[in-house]
Amino acid sequence: DGRVALVTGASVGIGAAVARALVQKGMKVVGCARSVDKVEKLAAECQSAGYRGTLFPYKCDLSNEEEILSMFSAIRILHTGVDVCINNAGLAHCEPLLCGRTDAWRNMIDVNVLALSICTREAFKSMQERHIDDGHIININSMGGHRMFPSADEHFYCATKYAVTALTEGLRQELQEAKTHIRATCISPGIVETEFAFRHHNTDPERAAAAYESIKCLKAKDIASTVMYVLSAPPHVQIGDIQMWPLEQVL
Ligand code: NJP
């Protein structure tokens, strides 16, 4: 599989695991993140492991539309375009609705919703102009995009993920109306053991560690395996939404 995939948020966590799996499978993977040094390290690891594909690190702040558009221009010049787009980058600032900061909410909208929408639009354009009819857009959503988490400080985060559910459904309708065979899939995980909880703005590290230690969490590579499963589905199969969570997680 020599196709070109874009993985957003490929520096750590789920995005890094997905990028690694795609490179192992033989794809050319553009992995973007702000901390591009971490993607470079991953690219070197993939190379020394002898994987068939290649990881191309790209530094991009997804909260800046100009940077996203420049990235797509660079991909067009270097690799002709995108065949698979994995919208993975996302973040959560844990702040209740009644006393949260506007900047924190804006940051979640910018990355979780706007960047995902911009990347989707640009990836579709890239597939269309190259007559790629078997492209795939995969959005890494959350169980919080299907049911509100009980903790008040995650309500805004859940709202951005409900938006991802709606956007993926809308995208599928538009793709069908456009009579393409490009597919759109959501993968919605419960708690995954990554740095995610530790990055939550107001979450104290002990609380995050306790969340990971109290149950056997999903691993980033569980999500990567699911991405590979979705991509391996026969062309006539549309996989809409995969919801997956740790057996012991109470939702
Ligand atoms: O998160 P984490 P996960 N511009 O924090 C990047 C969803 N999810 O892998 O820029 C560019 O380890 C960041 O890169 P960097 C979640 O909502 C997770 O767990 O270098 N990139 C890093 O690579 C998200 O959509 C759990 O900081 C930006 C990546 O995003 C996806 O899974 C549960 C960026 C985040 O890595 C991946 O999460 C769930 C920006 N402005 C859903 N901002 C879970 N872990 O429990 C962030 O339900 N990134």
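It should be noted that the structure appears before, not after, this text.
1. Quick notes on the site of the ligand
Of all residues adjacent to the ligand, which total 31 residues, the nearest are Ser35, Ser142, Tyr157, Pro189 and Thr194. At 2.7 Å from an oxygen atom of the ligand is found a side-chain nitrogen or oxygen belonging to Tyr157. In the model, an oxygen atom of the ligand is placed 2.8 Å from a nitrogen or oxygen of the Val192 main chain. Burial of the ligand by the protein amounts to 97% of the accessible area it has alone, namely 890 Å².

2. Observations regarding the nonpolar core
Nonpolar side chains in soluble globular proteins tend to end up buried together. Within the largest apolar cluster, 37 residues are counted, with the highest numbers of intra-cluster contacts made by Leu22, Val29 and Ile86. Where this core is concerned, the elements lending two or more residues are strand E1 (4–8), helix H1 (13–24), strand E2 (28–33), helix H2 (36–48), strand E4 (84–87), strand E5 (136–140), helix H8 (220–232) and strand E9 (241–244). Ranked by residue count, the leading element in this core is H1, at eight residues. Ile86 has contacts with Leu6, Val7, Thr8, Val18, Leu22, Ile138, Ile140 and Val227, leaving out every residue within four places of it along the chain. The next biggest cluster of nonpolar side chains, apart from the first, holds 32 residues, and it includes Leu6, Ala115, Ala123 and Ala184.

3. Observations concerning helix H3 (residues 65–79)
An ideal rise of 1.5 Å per residue puts 21 Å on 15 residues; H3 measures up with 21 Å between its terminal C-alpha atoms. Every buried residue of H3 is listed here: Ile68, Met71, Phe72, Ala74, Ile75 and His79. Across the axial projection of H3, the buried residues extend over an arc of 160°, all falling on one side. Relative to its buried face, H3 has exposed residues pointing more than 90 degrees away, namely Glu66, Arg76 and Ile77. Of the surrounding secondary structure, the elements contacted by the buried residues of H3 are E1, E2, strand E3 (54–59) and helix H4 (102–129). Residue Asn64 occupies the N-cap position of H3, its side-chain oxygen lying 2.9 Å from the main-chain nitrogen of Glu66. A positive phi of about 70° marks Thr80, the residue just after H3.

Calculation notes
- Residues numbered from 1 in each chain as written.
- Predicted model: local features only at pLDDT ≥ 70, side-chain atom pairs only at ≥ 80, totals over all residues.
- Heavy atoms only, no water.
- Near = heavy atom within 4 Å.
- Polar contact = N/O pair within 3.5 Å; in protein donor to acceptor, adjacent residues only side chain to side chain.
- Areas by Shrake-Rupley, 256 points an atom, 1.4 Å probe, with all protein chains shown as cover.
- Core = buried A, V, L, I, M, F, W, Y, C linked by side-chain atoms within 4.5 Å.
- Buried < 20%, exposed > 50% of the residue type's maximum accessible area, 1.4 Å probe, protein only.
- Helix = DSSP H or I, 4+ residues; strand = E, 2+ residues; numbered from the N terminus.
- Contact = heavy atoms within 4.5 Å.
- Expected span 1.5 Å × (residues − 1).
- Arc of directions from axis to C-beta.

Fair warning: the whole summary comes from geometry, so function is off the table for now.
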